[in-house]
Amino acid sequence: METVRNELVSVKVHRVISKDTKVDHFLSSEEFESMLKFEDDFDQDCIGEDFLDKWQRLPKNLCKAYLGETHYISMMVVNDSVREPMMDVAIQIDMQISNERIISIGQIDSPFLDGKKSLCDILKYEVKDPGNHMVICSISYKDSVGEITAFRRYFKFQVSKPLDVKTKFYNAENDEVFLEAQVENLTHLPICLEKVSLEPSQYFDVTEMNKTLVDDKEQWVFGEINRFNPGESRQYLFGLTPKPKVQSDIKLLASVTNIGKLDIVWITSIGVNGRLQTSVLERMSPGYNGIRLTVEGIPSQVCLEKKFNIVFRLTNYCEYTVEPAVHFDNKSENQPILWLGVSGKTTKKINPFEFQDFQLTAYPVKTGLHPIAKIIVNDVISRTTYEFSELPCVNVRQSEQE
């Protein structure tokens, strides 16, 4: 920020950081010290004596403001007169946001301010809005003859976007949802992303997939040193499982789009803390319609030429009752897994938004990892046919001993 002078008064507004700042978990002390070297024309004397032990000002090149950060501002008013004191000094500090909303961020009062003396305070401000900001300092005082002087000073700065967050959703066949969040560092400094979590909606439980164990110690998959440089991007992955009450309500499960919110916490290489929370993330509705076939139970591996069972589930997403007939065959060339049983049998009728489980028996004739052969379901009532070819794979082994 800067210094503005009036005839008898200087107003100094500067960004400051705590001298207790700790960033050595992702930044070397040499790099940190080099960042804080002063190579600008700002006043060096901009912090009151009562605050010098705990605070230091930021160089001009590090004063960029980003959304979500918590800033500390040194506000100093100096009586530049040698002999003329100031009485009943009142300083009101406000923040104007995008030429619209004005909020109060501090006030300094003193009954007497002698010549060449100053008033100072450290103000805290959480940056919650992007765009243009302006610090408004309203100052009033009486001179030695009782005349009141009042004036304002303005200090403008711009708030930029610190991170770019892009999301992708993947709806799995077992009703799980996978969220991929790509985060890019748009700031001009290295930062440490201390927390990237997903606060799920009331419909889901979440599993984070972004940490691993190294020597029995949990750390981010990005490495031991969690440093996120300017311009870099990362991908974070989350798995969401519908809660039991949602899974039991087929109609609700098909219509739920609210996933939750991403919560991101970071610290910059100059010790400025930041936090952002996205708006509600919404996936595209799975769009289930007609009859849906899912696999509810299947072994991960089986033995060659030994039959095994698979449990399927038919779910009716129609607005009317269906009567499914399940068809399968062994006519595909070199089919590695054959079906046993009678094709074309009908199951019990299934009402709208209800399901029914049934079991089929398969017989593997080739070793290796092979997909289950396609199944065709025909609704006897509406004469609608559904084909299901993207079914799970099974590992077929030579024998139980191998």
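Use the structure listed above.
In short, a report on the structure. (Residues numbered from 1 in each chain as written. Predicted model: local features only at pLDDT ≥ 70, side-chain atom pairs only at ≥ 80, totals over all residues. Heavy atoms only, no water.)

**A word on the overall build of the protein chain**
A tally of helices and strands in the protein chain yields three helices and 31 strands. Here the protein chain has a C-alpha radius of gyration of 33 Å; the compact-globule value for 402 residues is 21 Å, and the former is much larger. Referenced to the eigenvectors of the C-alpha coordinate spread, the extents of the protein chain come out at roughly 110 × 50 × 30 Å. Sorting the 402 residues of the protein chain into buried and exposed places 43% on the buried side. (Helix = DSSP H or I, 4+ residues; strand = E, 2+ residues; numbered from the N terminus. Rg over C-alpha atoms; globule rule 2.2 N^0.38 Å. Buried < 20%, exposed > 50% of the residue type's maximum accessible area, 1.4 Å probe, protein only.)

**Details of empty space enclosed by the protein**
Counted according to the given criterion, the structure contains one cavity of 30 Å³ or more. Its boundaries defined by the atoms lining it, the largest cavity holds a volume of some 60 Å³. Contributing to the lining of the largest cavity are Arg 15, Leu 62, Lys 64, Tyr 66, Glu 69, Thr 187, His 188, Leu 189, Ile 191, Thr 268, Ile 270 and Val 272. Of the residues that constitute the lining of the largest cavity, the class distribution is six nonpolar, three polar and three charged. (1 Å grid on protein atoms, 1.4 Å probe; cavity = no way out; pocket = protein on both sides within 12 Å on 5 of 7 lines; lining within 4 Å. Points joined across faces, edges and corners; volume = space filled by probe spheres on them. Nonpolar A, V, L, I, M, F, W, Y, C, P; charged D, E, K, R; others polar.)

**Let's talk about the pattern of salt bridges**
A complete count under the given rule lists ten salt bridges for this structure. Note that Arg 313 is salt-bridged to Glu 296, the shortest N-O span being 3.9 Å. Of this pair, Arg 313 sits in strand S23 (residues 308-316) while Glu 296 sits in strand S21 (residues 291-297); the two residues are 17 residues apart in sequence, bridging distant segments of the chain. The partly exposed category is assigned to Arg 313, whose relative accessible area is 21%. A relative accessible area of 42% means that Glu 296 is categorised as partly exposed. Beyond isolated ion pairs, a larger network of salt bridges with shared partners links Lys 195, Asp 263 and Arg 275. (Salt bridge = Lys/Arg side-chain N within 4 Å of Asp/Glu carboxyl O.)

**Observations regarding the environment of Val 165**
Its place among the elements puts Val 165 in strand S11 (residues 163-171). Ignoring anything within four residues of it in the chain, the contact list for Val 165 reads Gln 182, Val 183, Leu 262 and Ile 264. (Contact = heavy atoms within 4.5 Å.)

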